[in-house]
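Architecture at a glance
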Amino acid sequence: MPPTLASLVHHSALKLTVRAGEGRLDVPVRWAHVSELADPVPYMEGGELLLITALKLDAEDPEAMRRYVRRLAKAGVVGLGFAVGVTYEEIPKALVDAAEEEGLPLLEVPRRTPFLAISKAVSAAIAADQYRAVTAGFAAQRELTGQALTAGPEGLLGALAAQVNGWAALYDASGAVVAAAPEWAGRRAARLTAEVERLRERAAPASAVVGSGAADRAEHDDRIELHSLGTGRRPRAALAVGTASALGTAERYAVHSAIALLTLTTERSRSLHAAQQRIGAAVLRMLLASEPDHARAVAGDLYGDLLDAPFRVIVAEAAPTARAHAEASARGPATAVEGPHARVPHAAPPAGDPFGALVEAIESAAARAGEAVLAVPEGERLVALVKDGGAAAAACARYATAREAVRADDGVSPGTCDDDGLVVGLSAPAGPIAAATAYKQAEQALSVARRRGRFFVEHEQLAAGSVLPLLADDAVKAFADGLLRALHEHDATGRGDLVASLRAWLSRHGQWDAAAADLGVHRHTLRYRMRRVEEILGRSLDDPDVRMELWLALKTTSAD
């Protein structure tokens, strides 16, 4: 505890007597200051015990004393010490009344007590308080370190909550609560997800002070500190500490120790994650080489039952512009995201890593559900294996929906291929023996997503609907235009309607009478026109491949 006016009054060597403001002696004293100025307020910071002899004051003037005391109180002076037997033999009644009226403690200092003795007493008490705080901080650091080594982050949070007489919570990279202490704090911590996400947008290290949620503020008026964790530019986790009041020196030491220990744990986890990725890359190569038994042997228990249960393969690829932007972001300062992107979780990839936000979404969801995920960067792609029907697969779909919403808010039309983000393909469910097939399916879905200007396509969607949207490619359109150009040129001269006749004949599967009826011509006229088509194109309509190419060319050009 810092020194208070009460502790100074009870100091046997000082012999101080209270003359006014007895009800406010428990106020902490930050310093003892001597000033004989008529207006010392400009030199006050608040929290001082002001010591005077009234050398330059008309201490017997009631109005002057009211103004003097009122200015001291407004400046945050916590008490006034008046030395008797120097300028005045006793404290003038005008000053006593003014102090009593303002509620400012007034202490009588006997002549035999020098101001220096009071200053030394305050200084010694402050030093002792700081020493106790440092000692308590070191003890807290030892306790937190021991808990971190023996019980992990959960034990550390429990010890921290006890040290600050409040609660503590740990958040993952997505803003979800990983652990909280005591147990009841988990619900309160979950209300801070939005604040944690805003904190993650700032370069580490970052901190913020917030209040408890409005829904429970009437019951819990906590003061909550949020701190980012990690040494990278984008925080990998966050710590929340809730207390009833501002932290003291010892509590601050404990919080800083917890931040250091949790950051160390985070960075160690990052190194382990890098090693795990190398193992994951080897496991993936074995699966794609149709060696599931070897893959299981190498993986061991690292991926749980992921390699035994049906899984899906995710293949993500960054557009060239996105990769260039990520590399530039890694070199330059981060820029805050405003507008529609700010309200969509993970709307923008972390600096230097176009896959970072997607991986965070998948891995965070999997961790909360107790699922294993195998995610491996592969050149300019990301390949991931996720449990079929699991939380990670669902998180990938939600992430895609959020990104599509961002594109819509930015005015990007559906089906428009922009080069500012990722494209993701998801395979059908498969087992380890069919991993290579699942990988090809994910690649096919990725290719279709790129062609359609979509962010995310599942392989199962390819069999639904029409194959024609797959032909929305400039090369296909150029082929169709070239194949039909001679027929269009013939029709332009007014010598017959070969294109419409060909379309009607193909749509009727070569049935002459039905096609002729559709066109309103005699079947012999239609036969003549089809012979002209063969002559102009130099191809036989009896060849099914020719019919297929012509039909697809007609459908492609009609879509324009």
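Everything that follows concerns the structure shown earlier in this document.
Residues numbered from 1 in each chain as written. Predicted model: local features only at pLDDT ≥ 70, side-chain atom pairs only at ≥ 80, totals over all residues. Heavy atoms only, no water.

Glancing now at the overall build of the chain. Secondary structure assignment for the chain yields 18 helices and 15 strands. Relative to its full complement of 560 residues, the chain shows a buried share of 44%. Intrachain contacts of the chain at a sequence separation of at least 6 include 63% that bridge at least 24 residues. (Helix = DSSP H or I, 4+ residues; strand = E, 2+ residues; numbered from the N terminus. Buried < 20%, exposed > 50% of the residue type's maximum accessible area, 1.4 Å probe, protein only. Contact = heavy atoms within 4.5 Å.)

Before going further, it helps to examine the pattern of salt bridges. Within this structure, the stated rule accounts for 22 salt bridges. Taking the shortest distance from any N to any O, the salt bridge between E195 and R198 comes out at 3.6 Å. With E195 and R198 both in helix 6 (residues 193-200) and three residues apart, the pair spans about one turn of that helix. Take R198: its relative accessible area is 53%, and that puts it in the exposed class. Between R381 and E317 there is a salt bridge; the shortest N-O distance is 3.1 Å. With a gap of 64 residues between them, R381 in strand 13 (residues 381-387) and E317 in strand 11 (residues 311-318) connect regions that are remote in the sequence. Owing to a relative accessible area of 18%, R381 belongs among the buried residues under this scheme. With relative accessibility at 23%, the residue E317 sits in the partly exposed group. Taken together, the salt bridges that share partners define one network made up of E317, R381, E443 and R450. (Salt bridge = Lys/Arg side-chain N within 4 Å of Asp/Glu carboxyl O.)

Right, let's talk about the environment of V18 for a bit. With respect to the helices and strands, V18 occurs in strand 1 (residues 17-20). Sequence separation between V18 and E108 is 90 residues, and the spatial gap between their C-alpha atoms is 6.3 Å.

The subject of this paragraph is helix 15 (residues 498-507). In terms of burial, helix 15 is largely enclosed, as seven of its ten residues are buried. Three or more residues of helix 15 are buried, namely L498, V499, S501, L502, A504, W505 and L506. H509 sits one or two residues past helix 15 and shows a positive phi near 55°.

The mixed open sheet is built from five strands, whose spatial order is 12-13-11-14-15. Strands at the two margins of the open sheet, each flanked by one partner only, are strand 12 (374-378) and strand 15 (456-458). Between one strand and the next, the sheet's axes are offset by a mean angle of 15°, whatever the strand orientation. Alignment of strand 11 against strand 14 (residues 422-426), held across five bridges, turns out to be antiparallel. Bridging from a neighbouring strand, E317 pairs with V423 of strand 14. (Pairing = 2+ DSSP bridges. Axes fitted to C-alpha atoms, helices over the stretch in contact; angles between N-to-C directions.)

Before going further, it helps to examine the packing of helix 15 against helix 16 (residues 512-519). At a minimum axis distance of 8 Å, the contact between helix 15 and helix 16 shows a crossing angle of 135°. One finds that helix 15 runs oblique with respect to helix 16. By crossing handedness, the relation of helix 15 to helix 16 is classed as right-handed. Counting all contacts with helix 15, which are made through A500, S501, A504 and W505, the residues of helix 16 involved are W512, A515 and L519. (Parallel < 35°, antiparallel > 145°, perpendicular 65-115°, else oblique. Left-handed = near helix turned anticlockwise from the far one by under 90°.)

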